[in-house]
Amino acid sequence: MSMLGTRFTKTLLGAAVVGALSLGLTACGSSGSKDSAGGGSASSSAAKDGKDAKDGKRGIETAFGRVEVPAEAKRIVALGDTALDTALSLGFTPVGTSSSRGGTTAPAYLKADGIPLVATVKEPNIEAILKANPDLILTSSSVEKSQYEQLAAVAPTVVPKSGDWRSVLGVYGDALGHKDDLTAKLDALDKRAAKAGEGKSGSAVVMRWMPSGPIVMNTTNMPGELLKKAGAATLPIADDLGAQPHSDPLSLENLGKADADRVFVATLNAEGEKALETARSQPAFTRLKAVGAGQVAGVDGQVWSSSSGPIAAEKVVEDIEKAFGAK
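Keep in mind it's a predicted model, so treat the numbers as computed, not measured.

### Remarks on the pairing of strand E1 (residues 57-62)
With six bridges joining them, E1 and strand E2 (residues 65-70) adopt antiparallel strand pairing. Bridge pairing links isoleucine 60 to valine 67 in E2.

Now the structure itself:
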């Protein structure tokens, strides 16, 4: 069953399309700012990045082909941690979003409690999305074609092609008309990470601690790439994952495969915290050189393993600066 659920019949979908078109017509003349209920953006930057716009539209290449989006979107629904993070970072306040993975609210680090929830991780609520009256929908690369088609019936929907985290952010930035601003933010973070690692050496690994055991995050993920920018060496267990975001759970006996000079441990829930506390009493964990050297850092799992937006990236850099003793 698709994440939209069987409860939406063809009759409801037809009504949704009509409703979306009607609502869209009434919204054509509306505008707003980040501080207003309607959402908004910095129009001067949007105009700069959207200089190729024609008839108030710009073409964006997506996983489902070229999509015409508003030259300056006003009402954005951002489904997924990274889409929401990117929109907020670029000065937009979305009119709808989804709850975080395993949570009932948007990610806490984004402080987005005032943004209406119109979806869970698995299932958008089409009625709620219609009520939000979006002129642009941003969603993750994992959306299925059938799901995309139903969302696209409400408003232009941008689904980035699967790829590295920077290219996904680039699609969101382009759709919002702020690609240059996004690039500048990421370049600045790369420089901060590099400065944090000046004069430092050694390897680093990112783990997410689960009740079933630790998993090692791929070095191509956002935190792994920023650690490499800081000059940290990587480990084979994290390098050899291909397209997998993380390894299979490791037993404590195999924990030595993640024996790096610096270890960043992320947990997503209370059960993970309890599992980590149990591990601290195990010889296999205490034998890690990072433990003996006091180089184990606990970090926010929502930031380090669930999102890759600019705000999350800045928080990762702040954690790297702290761990590396950067001033």
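### Let's talk about the confidence of the model for the protein
On average, the protein scores 84 in pLDDT, and the residues at 70 or more come to 83%. Confidence over residues 1-38 falls short of pLDDT 50; this stretch has 54 contacts with residues more than four positions distant or in other chains. Counted against residues more than four places away or in other chains, residues 40-51, with its pLDDT under 50, gives 30 contacts.

### Some points on the sheet that holds strand E11 (residues 296-300)
Hydrogen bonding along the main chain pairs the strands of a sheet, whether they run parallel or antiparallel. Strands sit in the order E9-E8-E10-E11 across an open sheet of four strands; the sheet is mixed. With one partner strand each, in any of the chains shown, strand E9 (213-216) and E11 form the two edges of the open sheet. Each adjacent strand pair in this sheet contributes to an overall mean axis angle of 35 degrees, direction not counted. Summarising the sheet, strand E8 (residues 204-210) and strand E10 (residues 262-267) pair through five bridges and their orientation is parallel. Note on E10: the bridge partner recorded for valine 205 is valine 263.

### A look at the pattern of salt bridges
Taken as a whole and judged by the stated rule, the model has nine salt bridges. A salt bridge links arginine 66 to glutamate 61, with the nearest nitrogen and oxygen atoms 3.0 Å apart. A relative accessible area of 52% means that arginine 66 is categorised as exposed. The partner of lysine 289 in a salt bridge is aspartate 261, with the nearest N and O atoms 4.0 Å apart. Residue lysine 289 is located in helix H12 (residues 289-292), and its partner aspartate 261 is located in the loop between helix H9 (236-239) and E10; the two are separated by 28 residues in the primary sequence. A relative accessible area of 31% means that aspartate 261 is categorised as partly exposed. Salt bridges linked by common partners bring Glu61, Arg66 and Glu68 together as one network.

### Description of the pairing of E8
Counted residue by residue, E8 has six buried out of seven residues, so it is predominantly covered. With four bridges connecting them, E8 and E9 associate as antiparallel partners. From the neighbouring strand, arginine 208 faces E9, where its bridge partner is isoleucine 215. Between E8 and E9, which pair antiparallel in sequence order, lie two residues.

### Some words on the packing of aromatic side chains
Under the definition given, this model contains three aromatic pairs. Ring centres of phenylalanine 64 and tyrosine 148 lie 4.4 Å apart, and the angle between their planes is 15 degrees; on these two criteria the pair is classed as stacked. Taken together, the residues span a long stretch of sequence, with phenylalanine 64 in the loop between E1 and E2 and tyrosine 148 in helix H5 (residues 145-152) at a distance of 84 residues. Classification of phenylalanine 64 as partly exposed rests on a relative accessible area of 29%.

### Brief notes about helix H6 (residues 165-175)
Along H6, eight of the eleven residues are buried, which leaves the element largely enclosed by surrounding structure. Buried within H6 are the following residues: Trp165, Val168, Leu169, Gly170, Val171, Tyr172, Gly173 and Ala175. Capping the start of H6, aspartate 164 holds a side-chain oxygen 3.1 Å from the backbone nitrogen of arginine 166, two or three residues further along. After H6 finishes, the residue glycine 177 shows a positive phi value of roughly 75 degrees.

### Quick word on the sheet that holds strand E3 (residues 76-78)
In spatial order, the strands read E5-E4-E3-E6-E7; together these five strands make up an open sheet with parallel pairing. Because the sheet does not close on itself, it has two edges, and the strands there are strand E5 (117-119) and strand E7 (157-158). Direction of pairing for E3 relative to strand E6 (residues 136-138): parallel, over a ladder of three bridges. Each bridged residue has a counterpart across the sheet, and for alanine 78 the counterpart in E6 is leucine 138.

### With respect to unusual backbone geometry
Of note in this structure, lysine 111 is not a glycine but carries a positive phi near 50 degrees. With respect to the secondary-structure elements, lysine 111 resides in the loop between strand E4 (96-98) and E5. In this structure lysine 111 comes out as exposed when scored by relative accessible area, which is 71%. Positive phi is not limited to glycine here, since asparagine 133 has a value of about 55 degrees. As for its placement among the helices and strands, asparagine 133 is situated in the loop between helix H4 (126-132) and E6. Asparagine 133 sits in the buried class, given a relative accessible area of 14%.

### Things to note about the side chain of serine 98
You can see serine 98 is positioned in strand E4. For serine 98, a relative accessible area of 5% puts it in the buried group. Polar contacts involving the side chain of serine 98 include one to the main-chain amide nitrogen of glycine 80, which spans 2.9 Å.

Definitions and cut-offs
Residues numbered from 1 in each chain as written. Predicted model: local features only at pLDDT ≥ 70, side-chain atom pairs only at ≥ 80, totals over all residues. Heavy atoms only, no water. Pairing = 2+ DSSP bridges. Helix = DSSP H or I, 4+ residues; strand = E, 2+ residues; numbered from the N terminus. pLDDT = per-residue confidence, 0-100. Contact = heavy atoms within 4.5 Å. Axes fitted to C-alpha atoms, helices over the stretch in contact; angles between N-to-C directions. Salt bridge = Lys/Arg side-chain N within 4 Å of Asp/Glu carboxyl O. Buried < 20%, exposed > 50% of the residue type's maximum accessible area, 1.4 Å probe, protein only. Phe/Tyr/Trp six-rings, centres within 6.5 Å; stacked < 30°, edge-to-face > 60°. Polar contact = N/O pair within 3.5 Å; in protein donor to acceptor, adjacent residues only side chain to side chain.

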